[in-house]
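# A structural walkthrough
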There are 2 protein chains.
Amino acid sequence: MAVLSGDRTEVAARITIKDVALAANVSVSTASKALNERGRMTVETRKRIQDIAQKMGFRPNAMARALVHQRSFTLGLLTNDTYGRFTLPIAAGLSSAMADRGVSVFLCAIDDDPERVRLNLEAMEDKRVDGLVVSGKRIDRVLPVDLPAVHMPVVYVNAACPPGAIGFVPDDEGGAHAAVAHLVSLGRTRIAHVTGPRSFGAVGLREKGWLRALSEAALPCFGAALSGEWSERFGYESGQLLVAKPVSDRPDAVFCGNDQIARGLIDALTLAGLRVPEDIAVVGFDNWEIFATATRPPLTTVDMALKELGRQAGVTLLDLIDGKPVEAGQRRLPCRLKVRQSCGSEEPSTE
Amino acid sequence: MAVLSGDRTEVAARITIKDVALAANVSVSTASKALNERGRMTVETRKRIQDIAQKMGFRPNAMARALVHQRSFTLGLLTNDTYGRFTLPIAAGLSSAMADRGVSVFLCAIDDDPERVRLNLEAMEDKRVDGLVVSGKRIDRVLPVDLPAVHMPVVYVNAACPPGAIGFVPDDEGGAHAAVAHLVSLGRTRIAHVTGPRSFGAVGLREKGWLRALSEAALPCFGAALSGEWSERFGYESGQLLVAKPVSDRPDAVFCGNDQIARGLIDALTLAGLRVPEDIAVVGFDNWEIFATATRPPLTTVDMALKELGRQAGVTLLDLIDGKPVEAGQRRLPCRLKVRQSCGSEEPSTE
DNA sequence: CTGAAAGCGCTTACAG
DNA sequence: CTGAAAGCGCTTACAG
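Criteria and thresholds
Residues numbered from 1 in each chain as written. Chains lettered and ligands numbered in written order. Predicted model: local features only at pLDDT ≥ 70, side-chain atom pairs only at ≥ 80, totals over all residues. Heavy atoms only, no water. UniProt positions renumbered as here; feature names shortened; annotations may be inferred. Helix = DSSP H or I, 4+ residues; strand = E, 2+ residues; numbered from the N terminus. Contact = heavy atoms within 4.5 Å. Buried area = accessible area lost by both parts, 1.4 Å probe. Salt bridge = Lys/Arg side-chain N within 4 Å of Asp/Glu carboxyl O. Near = heavy atom within 4 Å. Polar contact = N/O pair within 3.5 Å; in protein donor to acceptor, adjacent residues only side chain to side chain. Least-squares fit on C-alpha atoms with pLDDT ≥ 70 in both. Buried < 20%, exposed > 50% of the residue type's maximum accessible area, 1.4 Å probe, protein only. Pairing = 2+ DSSP bridges. Axes fitted to C-alpha atoms, helices over the stretch in contact; angles between N-to-C directions.

Chain A is annotated in an unreviewed UniProt entry as LacI family DNA-binding transcriptional regulator of Rhizobium rhododendri.

Further remarks concern the UniProt feature "domain: HTH lacI-type" (unreviewed entry) in chain A. The sites that carry the UniProt feature "domain: HTH lacI-type" (unreviewed entry) are, in the present numbering, residues 15-69 of chain A. Helix makes up 69% of residues 15-69 of chain A and strand 0%. Its end C-alpha atoms lie 21 Å apart.

Once that is clear, we can look at the interface of chain B and chain A. Contact residues are listed per partner, giving 76 residues for chain B and 76 residues for chain A. Where chain B abuts chain A, roughly 6600 Å² becomes buried across the two surfaces, and 57% of that area is made up of carbon and sulfur atoms. Ranking the residues of chain B by area buried against chain A places R14, M63 and R128 of chain B at the top, with a combined share of 11%. Taken together, the connections running from chain B to chain A amount to 12 salt bridges. Between R116 of chain A and D100 of chain B there is a salt bridge, and its shortest N-O distance comes to 3.4 Å.

This next bit is on the protein's contact with DNA strand C. Residues in contact with DNA strand C amount to 28 residues; listed here are only the nearest, I17, S32 and N61 of chain A together with S29 and K33 of chain B. A share of 70% is what sugar and phosphate atoms reach among the atoms of DNA strand C within 4 Å of the protein. A distance of 2.8 Å separates a phosphate oxygen of DNA strand C from a polar side-chain atom of S32 of chain A. Between a phosphate oxygen of DNA strand C and a side-chain N or O atom of T30 of chain B, the distance comes to 3.0 Å. Elements represented by at least two residues in the surface near DNA strand C include exactly α2 (17-24), α3 (28-35) and α5 (62-69) of chain A together with α3 (28-35) and α5 (62-69) of chain B. Among the elements that make up the surface near DNA strand C, the one with the highest residue count is α5 of chain A (four residues).

A word on the protein's contact with DNA strand D. Near DNA strand D there are 28 residues, and of these S29 and K33 of chain A together with I17, S32 and N61 of chain B occur at the shortest range. Near the protein, meaning within 4 Å, the atoms of DNA strand D are sugar or phosphate in a fraction of 70%, with bases accounting for the rest. Contact distances for DNA strand D include 3.2 Å between a phosphate oxygen and a backbone N or O atom of S27 of chain A. Contact distances for DNA strand D include 2.7 Å between a phosphate oxygen and a side-chain N or O atom of S32 of chain B. At the level of secondary structure, the elements contributing two or more residues to the surface near DNA strand D comprise α3 and α5 of chain A together with α2 (17-24), α3 and α5 of chain B.

Another point: the relation of the copies chain B and chain A. Between the two copies of this chain, the relationship is a rotation about some axis together with a displacement along it. Superposing chain B onto chain A takes a rotation of 180 degrees combined with a translation of 0.0 Å along the rotation axis, leaving an RMSD of 0.0 Å. These values place the two chain copies in the arrangement generated by a two-fold rotation axis. For chain B, the smallest separation between a C-alpha atom and the rotation axis is recorded for F106 of chain B, amounting to 2.1 Å. The share of interface residues of chain B whose copies in chain A are also at the interface is 100%, consistent with both copies meeting through the same surface.

What follows deals with the pattern of salt bridges. Evaluated as defined, the whole model comprises 45 salt bridges over all chains. The shortest N-O distance in the salt bridge between R14 of chain A and E125 of chain B comes to 3.1 Å. With R14 of chain A in the loop between α1 (6-9) and α2 and E125 of chain B in helix α7 (residues 114-126), this residue pair bridges two chains. Residues E173 of chain B and R212 of chain B are paired through a salt bridge, measuring 2.8 Å at the closest nitrogen-oxygen approach. One end of the pair, E173 of chain B, is in helix α8 (residues 172-185); the other, R212 of chain B, is in helix α9 (residues 201-216), and 39 residues separate them in sequence. We classify E173 of chain B as buried; its relative accessible area is 17%. Here the salt bridges share partners, and the residues they tie into one network are E232, R263 and D267 of chain A together with E232, R263 and D267 of chain B.

On to the sheet that holds strand β14 (residues 336-338) of chain B, then. Residue and element names in this part refer to chain B. An order of β8-β7-β9-β10-β11-β14 is seen for the six strands of this open sheet, with the pairing classed as mixed. Two strands in the sheet have a free side with no partner beyond their single neighbour: β8 (226-227) and β14. Here strand β7 (residues 191-195) runs beside β8; their pairing, made up of two bridges, is parallel. The partner of V194 across the bridge, within β8, is L226. Most of the contacts of α9 go to β7, to which it runs at about 180 degrees, and overall it touches β7, β9 (253-256) and β10 (281-286).

Here the focus is the sheet that holds strand β10 (residues 281-286) of chain A. Residues and elements named next belong to chain A. Spatially, β8-β7-β9-β10-β11-β14 is the arrangement adopted by the six strands of the open sheet, whose pairing is mixed. Edge positions in the sheet fall to β8 (226-227) and β14 (336-338), since each of these pairs with one other strand and no more. Contacting β7 (191-195), β9 (253-256), β10, β11 (300-303) and β14, helix α8 (residues 172-185) runs over the sheet at an angle of about 165 degrees to β10.

It is worth spelling out unusual backbone geometry at this point. Following V276 of chain A, the chain continues to P277 of chain A via a peptide bond in cis, the omega torsion being 10 degrees. By secondary structure assignment, the location of P277 of chain A is in the loop between α11 (259-271) and β10. In this model, R296 of chain A is joined to P297 of chain A through a cis peptide bond whose omega is 0 degrees. Even without a glycine there, the phi angle at R128 of chain A is positive, about 60 degrees. Along the chain, the position of R128 of chain A falls in the loop between α7 (114-126) and β4 (131-135). For R128 of chain A, a relative accessible area of 12% corresponds to the buried category. One non-glycine residue, N25 of chain B, lies in positive phi territory at about 65 degrees. You can see N25 of chain B is positioned in the loop between α2 and α3. Judged by its relative accessible area of 72%, N25 of chain B is exposed.

Pasting the structure below:
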C-alpha cells in the first residue's frame, strides 16, 4: 500500500534571507537592500547577492514583509452567488488582474447566511487582507455585510452600493439601448420587450433602455413590456402569446430581458412555424454562452463584461488602499452587444 | 463631490496584544498565554484578560502567528476552468469546509497559460500557503502544474492525478450504473446511450456503467453508444435519428452522457410527437440545474456532488498538511441520482 | 503564577 | 559602502 505521509512532501526547511546573507558573506540587512534595490552599494555586490539568491531559489516570505509593511497584498472576495452565473467571471477577472500586481485574493463563499458572513469576515480581518470586494447576484440587493464593522476599504460589484460607498455594476440601460438601437438600425419598427420580474432593479433599467431607443427612433412603444420569471418557460409562454395574435398585431422583433427568456421565446416561435430572424428578430441579455450558442439560430445578446467588472473593481480597490482619492458612488460599466444571427444582421461579428 | 480618500476608511491603528497587555497590566507573554489557554494561571486573571481583549476588539494578527507556527492556515486553489461549470461548486464546497476550520483559500485563475501558472504558483509559494488544490475540467487531463517544483502538499480534483499523487473525481461509472439501473427498475428494457466524444475519459467510464447495468439485468445492449459533441445540437440530431427508425427498432429509454445532450434529445423527440417519458424515458448526467429544470419534463439526471468533492479534497489536504498518513491514488466519490420526471418514475423525489 | 528573552523572516532608519 | 539594532505582532521555552 502506497502511503503518502505528510512529511514526504515537506521540504527541507525553506531557505531564508539569512541563508542568502551567509552564502554571500554579507549581513542580512545588506542582503535585504541588495535584493530590494534600495540603499547604495556597488553594482557588483548587488548583482552577486542577487545571483546567489536566485541560485539558491530564495523567495522572500510574504508574511514577514507584510508584517513590517503593514500591507499584506491580499484581498478578500465575498460572494453570495454560489450558483456561479455571475461570480466566476467576476472572480476570474479580479483574480487575474490582481495576480499581475502581486496581490492574491481569498474566496469567501457566503450563502446569505449571516453566520457564514461573520465567520468569513473575521477570517479576513485576522488574515489582515488589505481590502474587500463584495459581489452579489442582483444589483438592487445589498449583501448582509456589516460595513461599519469592517476595518478596511470595500468595493461592491454587481450588488447594491450603500450610500457613500463605491460600486460597480453593468450599465443595464445602456446595454438594452444598444440592443434595441441595433434592431432599429436593421429596419425593425415593431419591437416588443419580454423580461423578468419587476422586483429586479435590472428589469426597470433594461426597460428604460428599450423605451429610450424607441423614442430616439421616433418609434411607437409596441405594447407594454411583458414581465414574468427569468425562465425559459416564461419565454416560451410569451412566445405562444405572440403567435396567437393576428399577424397585424405581432412585433417584428423582441428584445428579451435575459438569454433564457430569449431561448424559450425562440423555441415557441419556431414551433409555431415562424422564422427567426426573418419573421421576428430576437435579442437577449447576458451572453450566457451555453444558451446563446445553443439557440437556433445563435443568439444576438448583450454581454455584461463581468470579467472587466471584476478587474476594475480590483484596480479601484487597490487605489483606495493606496490612499488615492476615489470618488464615491456607483459606476455603470459599459455592456457590449454580441451580434450573432438571431437579430438578422447582415454581418455577424466574427469571433 | 464626495470623495472617498483611502484614509477615510483607514482604521485607527489596529489594536495589538501589546495594547491588551497594557490595559490588563500584565506582560505580553502572560496576555498571550491567557488568550491561548496555555500555561497555568488563576482562572480570574485569565478571564479578566480575555474580557479586556474582547472588549477592546482584539483579533490576533494571523500573519504574525503564521510566522512563528510555520503554518499559514491558507490554501491555494488553482483552476483552469474559468467557464465555471465545475469550478464554482468545487470552490464553494472547499471554501466553506475550510472556513469552518479557520483556513482561507486563495483563488488562482490560470487559463492553461503556463505563464499564469508560474505567476500564481510563485504567489502561493511567497504567501506560504500550506497546500494546494488543483482543479480541472476533465478527469483525464493533467494540469500544467510543475508538481516537483512545488514545495507543498497537493491534491487534485476533477483532473487527472499524476502517479503517486492524491486525487478526487466523481465516480462516473457508478453514477451511470445507478442511472441505468433506475431505468431498468422502472421496467425499461431497450436502453440506448448517447454521449460525448470518445476522447474524454468520462465517456468511457459512463459507457462502462451503462453496459454493466444492462448485463446485470441480463438485458441486451441496445446498439452501440452514440458518440458526438457535448452539445444540445448533437442531442437533437441523435433524437432525430432515433425518431427516424421504425418503431420496433426504437429504444424505450435513453441514457445521455450529459444534460445538454439530454435536453437536445428531448426537444427532438417532443417535436416528433413522441412523449417523454411515456414513449421514451430520458436520463441525463451533470444535474446542471439550469438545464435539468428547463427541459420539459424536468430531467432526471446524475449529480456529481461537486461541492462534496471540493470539501473532501480540502479535508484530505489538511490531513496531509498535518502529517497524517494518507493513501496515494485517486478516489472516486459517489454520484447520486436526482430523480425528476423524464425517467417516468412514479415518485419524483421532493426537493 | 508571571515576565524577560529569544525568535519566526523580513525591513528600515541610523551609525560607522 | 556596510552592518548592528530595533521593530512588525505574536509565541514559546526558560527563569524567577
